Amino acid sequence: MWADIRENRLLLLFIFYFNHMVGGHIRYSIPEEMKKGSFIGNVAQDLGLDLKRLRSGRAQIVTGENIQYTELKTDKGILVVNEKIDREQLCGDVTPCSFSFEVILENPMELHQITVEITDINDHSPTFKRNSINFEISEIANTGSRFPLTSAEDPDVGLNGLREYFLTENDNFVLKQNSNADGKKYAEMVLQKPLDRETNPHLSLKLIAVDGGSPQRSGTVNINVTVLDANDNAPVFNQSVYKVNVIENAPRDTYITTVNASDADFGSNSIVTYYFSDLNSGLSDLFLIDEKTGVISITGSIDYEKDKKYELRVEGKDQGGLTDSSKVIIEVNDVNDNAPTISVMSFTSPVSEDSPPGTTIGIINVKDLDSGDNGQVNCRIEQNAPFKIKSNLRNYYTLVTDTVLDRESVPDYNITVVATDAGMPPLSTKRTFHLKVSDVNDNSPVFSQGVYNAFVAENNSPGVSLLTVRAKDSDENLNARISYILEDTNMGGFSVSEYVSVNAESGMIHAVRSFDYEQIKRLVFAVKAQDGGSPPLSSNVTVKILIQDQNDNPPQVLYPVQTGGSLVAEMVPRSADVGYLVTKVVAVDVDSGQNAWLSYKLQKATDRALFEVGLQNGEIRTIRQVTDKDAVKQRLTVIVEDNGQPSRSATVIVNVAVADSFPEVLSEFTDFTHDKEYNDNLTFYLVLALAVVSFLFITCLVVIISVKIYRWRQSRILYHSNLPVIPYYPPRYSDTLGTGTLQHVYNYEVCRTTDSRKSDCKFGRAGSQNVLIMDPSSTGTMQRIQNEKSILDEPDSPLEVSCNTQSVLLMQTLFLSTIVNCNK
């Protein structure tokens, strides 16, 4: 940017240096806020230039401003607005407002100056810097008082600038407008009529400022005038004479009447003070007036027989010393001025809730100092309560229960006894007795629910909280203290306490053990809530714990059965069509719900393009026509997955024989060896068996040598002693069949072939149609083929070994040799 400015300045210096070149000056006037691209003037026409000259001379605008407000269209020779122009932003309140720039042409070089004047438009309204103007003016302010007002601001100039002010119509103020030395107008508010706070304490006016533009714009500010009070009003009593009646012997501080004087002023000027103006010494002991409220009360004893009427003079004075007066006439009435008195002789509280009706709870004595009818007293219970009052002797009354009490319904009573005399008007006295009802254990605990249900996932941690049972007892204290007890019942041959436990205090039920959904699916038992009363009361609730299944069991393959020593092969003829059912993988999952939903997938296969497995049913079918090129031996690995989260799976290997005849199958499956995993497992078991047999052999040798040494030592002892030698034979060492010490002969069957490395010990049996079960290491041995007419048999070679105690070493050697040969 600085490089461009520097270039422009050098260009201007160069232009001024060649001042003798052709030059011209033109001036345009446009209003502000014109849109970009608006026409300003025809530069080519005004300068007398040809459009070709503008293009050949590479006419351009040179300005020293950061913002280029104009643009020269050389193809049309016109000057247009390049940026929207705000006169107030460009020149402020300076008039006239203009800016200049130069148009430069080359070959030959020409310089023309252009000045653009920006005229104002009425695009701003007069505005006040404050939202409101507040004045506090006393109601005794003099007429003609001036109150200056805030001036408005209008960025426009000339006719569009601020013109005058207006004040909304009112009865008290007029507006006067003035101008400063710089010509700026301002306004003042002049009081033309005195204010009266009692008539109108607040005034709300509006000051309006308008400009001279077209259309005309205006601005408004609120004027709030608060009228301050002056003490120009005296207090005035609302009555000139107050007449009241008072009974004789009225108690101290008895209210008589209230005098009231109002003052139209405000604030402290409206505060009125009351006092007695002509109170002599005799009446000052009987009556008292509150100087702030005007309440007149009794301070002494009033007796009708002494004075029947009293006259008091009351004055009211405000803070300014203005006063008013009134008269109070008090008439004394002779009435029944002695109320009955109630004395408590005895009262029993608390009373048991199982007390029978008619139980005495209190005795009272009632007296009235009046005579005649005014001394006749009647007693009653005020509220509707299960009690009644009886009169036994003169002035004595007995308070008894009327019905059976229930502490759970009402734990206590406020019994109000009212004694009323027969005077006119009658006088009465009330006495309240607070009676508490003591509790007895007459309510059993009540559970909040009839049946509690809870869910817990199997394989939970022992001690986990299952749910909390809650019971309430309407009794109190020890009678309401509840203990929770688990009712002992049998579930599946076990006590329920072996499954769950309950906290005696809180009622929280915990799992004692981890649950297995496959063994038990729900627990139903009872919990007893027993209170601490004597005798205790209890209630039972049924609790049902539903055990939710988790996917903790993998699928189990039922068919085909995976055998260790024999191969199970499904036979598929080469003439099988597409969709031929080879076999079906059958699996089960002991879980429930979606955890037991099984899906079958083909994991590995000798030829994946030949077979497919049904996702839901596990059926293995051909997906194309079997050809002669397909291998006879086909090995499929099927994975069975459940739908649990996370899922569990099992894998089964299915051997398929693609052949039309059994000899072909037998020739192909002759060299079918065990898989590496089976051989590895077999090697491990052989090593383990060898180690166990060696250990047993060494143990037997140690035992035999120990027995021999022991017998030798015994014979030596007997030889050196004089005792007769008695031969001893253990019961199982008696002669059997004349030879040896064993009771039985043990037979071992061993399957042998011409090749000792391809021997086996057992034969399996076919489980379904078209299934071949064969010895994978033999060349011509097959136990059975179902649904075939020709059966190939090869006789077994039994090996019988008879052992005795003298051939232990030989037996071990033969046994190990047999195991090794059978499992190679």
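We now turn to the structure provided with this report. Treat the numbers as computed from the prediction; the structure is a model and nothing was measured.

**Remarks on the overall build of the protein**
For step 1, the next point in the chain: Within the protein, the regular secondary structure consists of 7 helices and 57 strands.
For step 2, the next point in the chain: Looking at the protein residue by residue over its 824 residues, the buried ones come to 36%.
For step 3, the next point in the chain: Taking the contacts inside the protein whose residues are at least 6 apart along the sequence as the reference set, 66% of them involve residues at least 24 apart.
For step 4, the next point in the chain: With an accessible surface of roughly 48,100 Å², the protein has 51% of that area assigned to carbon and sulfur atoms.

**Looking at unusual backbone geometry**
For step 1, the next point in the chain: The linkage connecting Ser349 with the following residue, Pro350, adopts the cis geometry, with an omega of 5°.
For step 2, the next point in the chain: Within the element layout of this structure, Pro350 appears in the loop between strand E26 (341-347) and strand E27 (351-352).
For step 3, the next point in the chain: Here the phi dihedral of Arg58 falls at roughly 50°; this positive angle occurs in a residue that is not glycine.
For step 4, the next point in the chain: Within the secondary structure, Arg58 sits in the loop between helix H3 (51-56) and strand E3 (60-62).
For step 5, the next point in the chain: The phi dihedral of Asp253 falls on the positive side, at around 70°, and the residue is not glycine.
For step 6, the next point in the chain: By the element assignment, Asp253 lies in the loop between strand E18 (241-247) and strand E19 (255-258).

**Thoughts on the packing of aromatic side chains**
For step 1, the next point in the chain: All chains considered together, the criterion is met by 13 aromatic pairs.
For step 2, the next point in the chain: Ring geometry for Tyr69 versus Phe99: centroids 5.5 Å apart, planes at 45°, classification tilted. Taken together, the residues Tyr69 in the loop between E3 and strand E4 (70-73) and Phe99 in strand E6 (residues 97-105) connect sequence positions 30 residues apart. In this pair, the class of Tyr69 matches that of Phe99, namely buried.
For step 3, the next point in the chain: By the ring-pair criterion, three or more aromatic residues cluster together here, those being Tyr69, Phe99 and Phe101.
For step 4, the next point in the chain: Sitting over the ring of Phe494, Arg513 keeps its end group 5.7 Å from the ring centre.
For step 5, the next point in the chain: Of note, Lys521 hangs over the ring of Tyr517, and the distance from its end group to the ring centre comes to 4.8 Å.

**So, the side chain of Asn441**
For step 1, the next point in the chain: Within the secondary structure layout, Asn441 lies in the loop between strand E33 (428-438) and strand E34 (446-447).
For step 2, the next point in the chain: Side-chain polar atoms of Asn441 contact the backbone oxygen of Pro535, separated by 3.0 Å.
For step 3, the next point in the chain: Once residues lying within four places of it in the same chain are set aside, the contact partners of Asn441 are Asp475, Asn479, Asp531, Gly533, Ser534, Pro535, Pro536 and Leu537.

**Here's the deal with a nonpolar patch on the surface**
For step 1, the next point in the chain: There is a patch of nonpolar side chains on the surface, built from Phe684, Tyr685, Leu688, Val692, Phe695 and Leu696 and spanning about 650 Å² of accessible area.
For step 2, the next point in the chain: Inspection of the secondary structure assignment puts Phe695 in helix H6 (residues 676-720).
For step 3, the next point in the chain: Overall, the relative accessible area of 57% leaves Phe695 in the exposed class.

**A closer look at the sheet that holds strand E28 (residues 360-367)**
For step 1, the next point in the chain: With respect to topology, 4 strands assemble into an open sheet ordered E26-E28-E31-E30, the strand pairing being antiparallel. One side of each edge strand has no neighbouring strand; the edge strands of this open sheet are E26 and strand E30 (387-393). Each strand of the sheet is rotated relative to its neighbour by a mean of 30°, with strand direction disregarded.
For step 2, the next point in the chain: Across 6 bridges, the pairing between E30 and strand E31 (residues 396-401) is antiparallel. Among the inter-strand pairings, Ser391 is bridged to a residue of E31, identified as Tyr397.

**Quick look at the pattern of salt bridges**
For step 1, the next point in the chain: Per the counting criterion, the structure on display carries 19 salt bridges.
For step 2, the next point in the chain: Here Glu476 makes a salt bridge to Arg407, at a shortest N to O gap of 3.6 Å. Of this pair, Glu476 sits in the loop between strand E37 (471-472) and strand E38 (482-486) while Arg407 is found in the loop between E31 and strand E32 (412-421), placing the two residues 69 residues apart along the sequence.
For step 3, the next point in the chain: Take Arg407: its relative accessible area is 8%, and that puts it in the buried class.

**Points about the environment of Phe237**
For step 1, the next point in the chain: With respect to the element layout, Phe237 can be found in strand E17 (residues 236-237).
For step 2, the next point in the chain: Separated by 25 residues in sequence, Phe237 and Ser262 place their C-alpha atoms 6.4 Å apart.
For step 3, the next point in the chain: Residues in contact with Phe237, not counting those within four places in the same chain, are Tyr242, Val259, Asn260, Ala261, Tyr274, Val314, Glu315, Gly316, Asp324, Ser325 and Ser326.

**Focus: the environment of Leu105**
For step 1, the next point in the chain: Tracing the sequence through the fold places Leu105 in strand E6.
For step 2, the next point in the chain: Separated by 52 residues in sequence, Leu105 and Arg53 have C-alpha atoms that sit 8.3 Å apart.
For step 3, the next point in the chain: In contact with Leu105, not counting residues within four places along its chain, are Leu49, Arg53, Leu54, Gly57, Ala59, Glu110 and His112.

Reading the values: the criteria
Residues numbered from 1 in each chain as written. Predicted model: local features only at pLDDT ≥ 70, side-chain atom pairs only at ≥ 80, totals over all residues. Heavy atoms only, no water. Helix = DSSP H or I, 4+ residues; strand = E, 2+ residues; numbered from the N terminus. Buried < 20%, exposed > 50% of the residue type's maximum accessible area, 1.4 Å probe, protein only. Contact = heavy atoms within 4.5 Å. Areas by Shrake-Rupley, 256 points an atom, 1.4 Å probe, with all protein chains shown as cover. Phe/Tyr/Trp six-rings, centres within 6.5 Å; stacked < 30°, edge-to-face > 60°. Lys NZ or Arg CZ within 6 Å of the ring centre and 35° of its normal. Polar contact = N/O pair within 3.5 Å; in protein donor to acceptor, adjacent residues only side chain to side chain. Patch = residues over 30% accessible without salt bridge, like charges linked within 9 Å, V, L, I, M, F, W, Y side chains within 5 Å. Salt bridge = Lys/Arg side-chain N within 4 Å of Asp/Glu carboxyl O. Pairing = 2+ DSSP bridges. Axes fitted to C-alpha atoms, helices over the stretch in contact; angles between N-to-C directions.

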